Amino acid sequence: MKKYDVVALGELLIDFTQNGISEQGNGLFEANPGGAPCNVLSMLNNLGKKTSFIGKVGDDQFGRMLKHSLDALGIGTEDLILDDKVHTTLALVHTFADGDRDFSFYRQPGADMMLRADELKEPLLADTRLFHFGTLSMTHEGVRAATKKAVAAAKAAGALVSFDPNLRPPLWESMDEAKEQVRWGLSQCDILKISDNEIQWLTGREDFTEGVACIRREFPVPLILVSMGGKGSRAYDMTHYVEVAPFLQEHTIETTGAGDTFCACVLNYVLDHGLTGLSDEQLTEMLTFANAAASIITTRKGALRVMPSRQEVLDFIQSF
């Protein structure tokens, strides 16, 4: 038995989201704890899984707030480093009328990109059923080495590996470099969660099934999830795919964390039911729950501290 169900590595940061206008007409911004890997862990905790996080924040006001947030949520912080030589990473989130977002990062440097390979605690990586990562921990050489070392340690201990590119173009020196690192992630993972625009960028194919086939010709990833925003989602096993419609609603505020919530629900289902041999009915059940949870999070500001419970998601599905 492993101590943890899921360990994730990557960015933990502050998302500044607009929350009204001051009397002087200035935008008011709310400091929300964020970062895709921890959003995933937060939802998994709500679904009853034991989780821990690997990363670095500044030993500053924001970094201490972030650690407190993880502790309060029950996410393990034994490998969260507070560094007094660098500031916590910040992101300003601009939300469009349709709920989509644009990000401005304050990260040159930011604490999350300063994690080093020699700072990893390998016993933690050997004690998890699944390891999850993205590409924000691969944008710079030092943290890239740490990520690759962590993946190798987790795989050596028999853990499943989950990968979400979570592409943020402004953080890369070039999109060719981004593509190279995404391809490395594809070579390592058992589960890939990828968005519609990411798969089109990566493969050059507008049709998602053609894009998945293009990936699999080189990287035989057993389970690929394509999130399609307002068009729902697909799950591709090694022979075919299942598609499930979205839960669209009128009260959407923003889409921050929706993909992470979706990803967490998929990982939870795989941990409970296995990676291979899932029937169409099981894949449909998995996507339905994941789509519903993602829809709920779009009605809330932030993500990490406001993930829905299992019963909330089930009640939401029933209401439709």
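Before any of the text, the structure's been laid out above.
The text that follows walks through the structure, step by step, so that each part is easy to find. (Residues numbered from 1 in each chain as written. Predicted model: local features only at pLDDT ≥ 70, side-chain atom pairs only at ≥ 80, totals over all residues. Heavy atoms only, no water.)

Let's talk about the pattern of salt bridges
As a working rule, side chains carrying opposite charge can pair if their charged atoms are close by.
Here comes step 1: Per the stated rule, a full pass over the model turns up 16 salt bridges.
Here comes step 2: One salt bridge in this structure joins E119 and R116, with 3.3 Å as the shortest N-O distance.
Here comes step 3: We classify E119 as buried; its relative accessible area is 18%.
Here comes step 4: Of the charged contacts, one joins E218 and R183 as a salt bridge, the two residues approaching to 2.5 Å between their closest N and O atoms. With a gap of 35 residues between them, E218 in helix 7 (residues 208-218) and R183 in helix 5 (residues 175-188) connect regions that are remote in the sequence.
Here comes step 5: A network of salt bridges, in which partner residues are shared, links K56, D83, R116, D118 and E119. (Salt bridge = Lys/Arg side-chain N within 4 Å of Asp/Glu carboxyl O. Buried < 20%, exposed > 50% of the residue type's maximum accessible area, 1.4 Å probe, protein only. Helix = DSSP H or I, 4+ residues; strand = E, 2+ residues; numbered from the N terminus.)

Considering the packing of aromatic side chains
Here comes step 1: Going through the model one piece at a time under the given rule, you end up with eight aromatic pairs.
Here comes step 2: For the ring pair F16 and F62, a centre distance of 5.7 Å and an interplane angle of 85° mean the geometry is edge-to-face. A residue pair is termed long-range when its members are at least 10 positions apart, and F16 in strand 2 (residues 13-21) and F62 in helix 2 (residues 61-73) qualify at 46 residues.
Here comes step 3: Assessed through its relative accessible area of 15%, F16 is described here as buried.
Here comes step 4: Judged by centre distance (5.1 Å) and plane angle (85°), the ring pair of F247 and F320 falls under edge-to-face. Of the two residues, F247 sits in the loop between strand 13 (241-244) and helix 8 (258-273) while F320 sits in the segment after helix 10 (310-319), which places them 73 residues apart along the sequence. (Phe/Tyr/Trp six-rings, centres within 6.5 Å; stacked < 30°, edge-to-face > 60°.)

Thoughts on the pairing of strand 2
Here comes step 1: In terms of strand pairing, strand 2 meets strand 3 (residues 27-34) through seven bridges, oriented antiparallel. Considered in strand 3, the bridge of Q18 is made with F29.
Here comes step 2: Counting the residues that bridge the hairpin from strand 2 to strand 3 gives five residues, and of these G25 lies at a positive phi of roughly 85°. (Pairing = 2+ DSSP bridges.)

Let's talk about the nonpolar core
Here comes step 1: Counting 52 residues, the largest nonpolar core has L12 and L225 as the members making the most contacts within it.
Here comes step 2: Membership of the second largest hydrophobic core comes to 40 residues, among which are L9, A146, A178 and Y236. (Core = buried A, V, L, I, M, F, W, Y, C linked by side-chain atoms within 4.5 Å.)

Structural notes on the sheet that holds strand 5 (residues 76-83)
Here comes step 1: Within the open sheet, the nine strands sit side by side as 5-4-1-8-9-10-11-12-13. Their pairing is mixed. Each having just a single partner strand, strand 5 and strand 13 make up the two edges of the open sheet. Here the strands of the sheet are splayed against their neighbours by 15° on average, with no regard to which way each runs.
Here comes step 2: The pairing of strand 8 (residues 128-134) with strand 9 (residues 160-164) spans five bridges and is parallel. Bridge pairing in strand 9 links G134 to D164. (Axes fitted to C-alpha atoms, helices over the stretch in contact; angles between N-to-C directions.)

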